Each structure stands twice: as C-alpha cells, then as structure tokens.
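Residue-level structural notes
Here's the letter readout for the chains.
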Amino acid sequence: MSSPKPQPGSTTPEFRFSPNPNKAHTINWLSWGPEAFERAEGEKKPILLSLSAVWCHWCHVMDETSYSDEQIISIINERYIPVRVDADKRPDIQERYLMGGWPTTAILTTNGETMSGGTYIPPQEFISLLEKVADYYAEHRDRLEEAAEEQRKQILQAASMKEAAHFNLDESLVGDVLDMLQRTFDAKHGGFSDKPKFPNSPVTELLLRRAYLENNTDLLEMASRTLAGMADGGLFDQEWGGFFRYSTESDWSEPHYEKMLGDNAALILDYLRGYQVSGNIRHRDIAVKTLDFIDKYFADKENGGFAGSQDASEEFYKLNADERLKHKPPFIDPVIYVDTNAAMASAYLEAYQVLGDEAYRDFALRTLDFLMETCFSDEAGMAHYFDGEAHLFGRIASQAGTIGALLDAYSVTGTHKYLDGATALAGICERALLNNDGTFADGSDTSGEPHLGALAVKTTPVLENALLARQLYRLSYLGDDSSYEEMVGKLLTNLELGSSTPITALALFVLAVDEFLTQPVVLTVVTTGTEPGAKELLREAFQAYMPGKAIKILDPVRDYEVVEGLGYPAEKHPLIYPCIGRACLPAVETPHELKGVLEDLPGRRK
C-alpha cells in the first residue's frame, strides 16, 4: 500500500482523473493560465473551472458520471473554455473559487468572476445548467462582462483601501471562546458540532493548554472525550491505522474514507499532548499506531518526505483483514506538499521527545533536509509542492509550517542550520508577504504565477497568519530577537476576524493570542550531550509537558561566546537554565530538580 516519491525530472501528470473507467479526459481541458483567459476573451466563451482533488471520492464520481456523459462533453467542448485545477497543487485558486466542497464546478466570466456553479452536479442537472448559462451568456455577454469588470475594480479598490482591524488583545477573548466551546460541546460523543463532524486540532490543543495552566478538569474532560470519541467511533482506522478525514455522523461512526497527511500530523500531536496532560495510555497508543501507519505507507524511508494523501475507498475499508489483502489498496498520492510535510516532521519530532524513539527524530531531520535542498529558494522561500520539481513558491502556509518544523529541529538538536533556516524564512516572509498593517498575505509576487481572475486580489488568511504568529513568537526567544515579538503583536492586533471565520481558524488565532499574552518557558541546556547525566537531563526537558515551552541547546565549546555572553559558567555542564520569558531562574543539574521547577511555575501572564 505504498507509492514511491517522485524523483527529480519526473513530474506528475498535468491532469489527474478518477482511477476508475471514465471519459473525463476527452474534454479539452486547459491549465489555469493566460492561454485559457485569452481564448475565453477571443472566442467569447465563459470559462468552466473544475476544481478536483486526487483523494476526493465525489470528484471521482463526477469524472465517472457527469464528465463522462457524451452530451456534457460536447457542450463543454463547444460552448466553454474548460480549465482543470488540482486543488491540492493550487490552494490559492481553491481558496478563491471553492463553492462549499470538492468537486467544485465554477462558471466564470472571461476576467474570472464567478457566475454560477456548485459541488457535485448529476448529469441531467448539469446538462440543464450548462445550456442555460451558455445561452444566457451568449445573449447578455457584453452586460455580464461589463458588470464583472466593474465588480473586479470595486474589489481591487476595496482591497487597496482596507484599514487595520485594531483587535483588542486581552484574556477575555480566550475566556469567551472557551465559554462558546463549552456551550457547543457534544458531551456524549465529543466534538463541537452535530454532523458532519470534523477533527479540530486547534480546539483540542486550546482545551489541553488551558486545562493544564488552569488545572481545569472540565476542559480536560472535553478534550479527552473528543479524543476518545474519534479513536473509538470509526474516524480512526482500527485495521490499517491512521485517521480518516471526517465523519458524516455526530458519533464519528460513518467516516469519509480519505486519509490526509496534514490531518494525521495534527492528530498525532493531539494524542501525544492528551497523553502528556491526562496520563491516559490509550491516547499514547493511538498516536503510536498513527505514526506506524504514516511510517509504513506514507514515508519515503530512503530520501525523506511524506506522501500527500490516500484515496477514499468505502469498499476497501469495509473489508475484513483477510479480504483486504486480496484487493488493490486505495491510491496514495506521492506528491510532496511542503506545508503538510513540515507538519508531519514536527509531529515526528514531538513523538521523539515524548516517546524517546530516535528513529522519529532522524526521519524528521532527513525530511527537513530534503525540503530545504529541493524546495527552498533564497529569494522566494519554500515552494508549495514537489513532484520531481518544486512549484508555487512563496505561499504563507509553506513558510509558516517550515519555520515551525525547523525550530522544532533546532530545539532537539541544537544544530544552528535549522535556526538559521527558520530565520531566513522569517526574513523572506517580512520582505515578500508583509502587508502595511502588519498582517501577511497568502502569497507573494515571487511565485511566478500571473494574477489571473480572483488571484488579482491577495487575501490575508486568519489560520495561516495565526500559525505564522506562533512560529515568529517562538523565534523571538529561540533566536534572541525581540523584534519578532513586536511583529507578532502588530499582526494579531490587526488581523481581521468576522462572524464567518471558521472555528478552526478562530481557535488557532486564540492560541496565538494566549501564547502572546503568556511568557514562554525557555529551557537553555548547556551540554556537549556526552557528559554523565546529560541524556537523562535532556530526556526530562523533552518529555515534560509545558505549554509554550521552548528548548535551546548550547554546546559549551561550539557556542562558547553565546554561553559566556549569557553569563553562564561554561566550565560546568550539563546544566539547564529555566527561564520565564527573558528572566532566568537558577540552574538545575538533575531531572528531579527540573521536574520540580516546572511543576511550580506560575501562570506566566505578562
């Protein structure tokens, strides 16, 4: 059930269709680009945009039914300019045109404004829609295009005149969101909605964080009930391991069978943290089984890197173990997506710290080295994906995720190239993505992609800005540069939220705010790593759960000037200096001393 990673020079097909028999490939698809828009203008035809994903069950159904219908193929080829976009490879296009889910079929004017569309559309309904829109467009083309152009100008003008949001950062925001979560909590099954029900890792992390800092058993019970519900209700694959994408039922019993790398990375962290806070061995076991699944089926052991996703297959996953082995397993997408690879590298590094298995650390470092070798540009930062070549540089999610993973790598190794890489990426974000109000745009002009259609307007996504804020805040302490802390304060103050902000993004924003209002615990470890007692002291530092914990390993020989500048006696080691923010406590020499200090730390509000 494995798929080899693409090698340099062997890119994936331009268009990827359902693996089952279909005729979708007979539509005259074009890539998103100038040719499609020029042809639409020249031939006076609307654009039909198909947003599909290689893992998406209903995308496959759309290919096998509607896009395989001879009449539909004929209508599209004759009356439309068809454009096919892989949603995973082009999140910038997906973000602007997704209409509720996958697949999305959007019908656009020649300048890229949406006229009509929907998700899965059955053949007869699709025929009717295509004919009606094409007829209406042919009759009213000039008026439609004029209105679309006017709308485009208004959107661009509004974006250029956007004022800063000036959000008030205080503890009441955290309390208000926690109150809302308590009101919407499903006490029977866990989670925070009826159905469909998705995992929500930022919510789980927020609950565990505040449960620990406040010694709040109610918040811990909400997190634990959610973790148990997902693991026992069907979202977790008991046979092969790993988590499915979401459940159609509130008791988690009817999963949608896609498995996504990013989702599993976040859930590994959820279960590891749940184990640390509660001591529940079941949480640890689920994390380990998920790691085993990823390690066996998604990881390229030779080169580093993880596959992106595994297709849904209701038929396969409902077979028992013996029957499954007789059938071809669902396809695993070998494309390397940088943001989710970075997320899984972080999960592996956390697993190393909590569980002590060096194999997790070693493979995470190999993955990060691979990403920096193949997907990093000095001018544009990280690419979005690698399929034999690196593509789409400068996306905020790729920069933020990689900064986080590099800081994690620095914390467990003390190797300066990882801190240097994180600092370099932070500088690229500042140069290429920073808006005038201190927030960050979703992509940069260094991507090399023309600003066609809705891409002409940059967005400021809450979730990715919150993720970047958390990493920059860590960098301000690990890199000893308070300017990043000032940058984070401005970012969070001016990031615009609204009633339509998804709960996942809201929870991540609240996590970023809560961390910003709280002084981090920085453990500065002075050790060569080979002295008697060094391994045990580091193990205690790694295993201890402490929200906002950052570890900095300094070698008394290699980092002599830094150690001396901090006023630490370089001749005595191993030692750990626990610091609250930038104020340090006396050094500790034993795991027992460190454990006692961490247990007695205050709430640490600034």
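Reading guide: rules and limits
- Residues numbered from 1 in each chain as written.
- Predicted model: local features only at pLDDT ≥ 70, side-chain atom pairs only at ≥ 80, totals over all residues.
- Heavy atoms only, no water.
- Disulfide = S-S within 2.5 Å.
- Buried < 20%, exposed > 50% of the residue type's maximum accessible area, 1.4 Å probe, protein only.
- Axes fitted to C-alpha atoms, helices over the stretch in contact; angles between N-to-C directions.
- Helix = DSSP H or I, 4+ residues; strand = E, 2+ residues; numbered from the N terminus.
- Parallel < 35°, antiparallel > 145°, perpendicular 65-115°, else oblique.
- Left-handed = near helix turned anticlockwise from the far one by under 90°.
- Contact = heavy atoms within 4.5 Å.
- Pairing = 2+ DSSP bridges.
- Salt bridge = Lys/Arg side-chain N within 4 Å of Asp/Glu carboxyl O.
- Nonpolar A, V, L, I, M, F, W, Y, C, P; charged D, E, K, R; others polar.

So, the state of the cysteines
The full count for this structure, using the stated rule, is 2 disulfides. One disulfide bridge connects cysteine 56 with cysteine 59, the sulfur atoms lying 2.4 Å from each other. Residues cysteine 56 and cysteine 59 share a disulfide whose torsion about the S-S bond is about 85 degrees; that sign makes it right-handed. Across this residue pair, the class does not change: cysteine 56 and cysteine 59 are buried. The disulfide bridge from cysteine 579 ends at cysteine 584, spanning 1.9 Å between sulfur atoms. Looking along the S-S bond of the cysteine 579-cysteine 584 disulfide, the torsion reads about 90 degrees, which is the right-handed sense. Using a relative accessible area of 4% as the deciding quantity, one classes cysteine 579 as buried. Exposure remark for cysteine 584: the relative accessible area of 42% places this residue in the partly exposed category. Ordering the disulfide-forming cysteines of the chain by sequence position, one finds them joined as 1-2, 3-4. In this model cysteine 429 remains outside any disulfide bridge; the closest cysteine sulfur is found in cysteine 375, 16 Å from its own. By relative accessible area, cysteine 429 is classed as buried at 1%.

With respect to the packing of helix 6 (residues 171–184) against helix 7 (residues 201–214)
Helix 7 packs onto helix 6 with a crossing angle of 115 degrees between their chain directions and a minimal axis gap of 12 Å. The orientation of helix 6 relative to helix 7 falls into the category roughly perpendicular. Where helix 6 crosses over helix 7, the handedness of that crossing is left-handed. Every residue of helix 7 that contacts helix 6 at Val174, Val177, Leu178 and Leu181 is listed here: Val203, Leu206, Leu207, Arg210 and Glu214.

Digging into the sheet that holds strand 17 (residues 583–584)
A sheet is described by the order of its strands in space; here 4 strands give the open sequence 15-14-16-17, paired in mixed fashion. Pairing within the sheet leaves two strands with one partner each, and these edge strands are strand 15 (549–554) and strand 17. Pairing of strand 14 (residues 521–526) with strand 16 (residues 575–580) involves 6 bridges; the strand directions are antiparallel. What sits directly across from valine 522, in strand 16, is cysteine 579. Here helix 20 (residues 534–543) sits on the sheet and contacts strand 14, strand 15 and strand 16; the angle it forms with strand 15, its principal contact strand, is near 155 degrees.

Structural notes on the pattern of salt bridges
Scanning the model with the defined rule gives 36 salt bridges in all. For the salt bridge of lysine 89 with aspartate 387, the shortest nitrogen-to-oxygen distance reads 3.7 Å. With lysine 89 in the loop between strand 2 (81–86) and helix 4 (91–97) and aspartate 387 in the loop between strand 12 (381–386) and strand 13 (390–393), this residue pair connects regions lying 298 residues apart in the sequence. Note on accessibility: lysine 89 and aspartate 387 belong to one class, buried. With a shortest N-O distance of 3.5 Å, aspartate 142 and arginine 141 are connected by a salt bridge. Overall, the relative accessible area of 52% leaves aspartate 142 in the exposed class. Residue classification places arginine 141 among the buried positions, given a relative accessible area of 12%.

Points about the packing of helix 15 (residues 396–413) against helix 17 (residues 462–478)
Axis separation between helix 15 and helix 17 bottoms out at 9 Å; the angle between their running directions is 30 degrees. In this structure, helix 15 crosses over helix 17, and the sense of that crossing is left-handed. Seen from helix 15, the contacting residues are Ile396, Ala397, Ala400, Gly401, Ile403, Gly404, Leu407, Asp408, Tyr410 and Ser411; seen from helix 17, they are Glu464, Asn465, Leu467, Leu468, Gln471, Arg474, Leu475 and Leu478. Per-class residue counts for the contact of helix 15 with helix 17 are 10 nonpolar, 5 polar and 3 charged.

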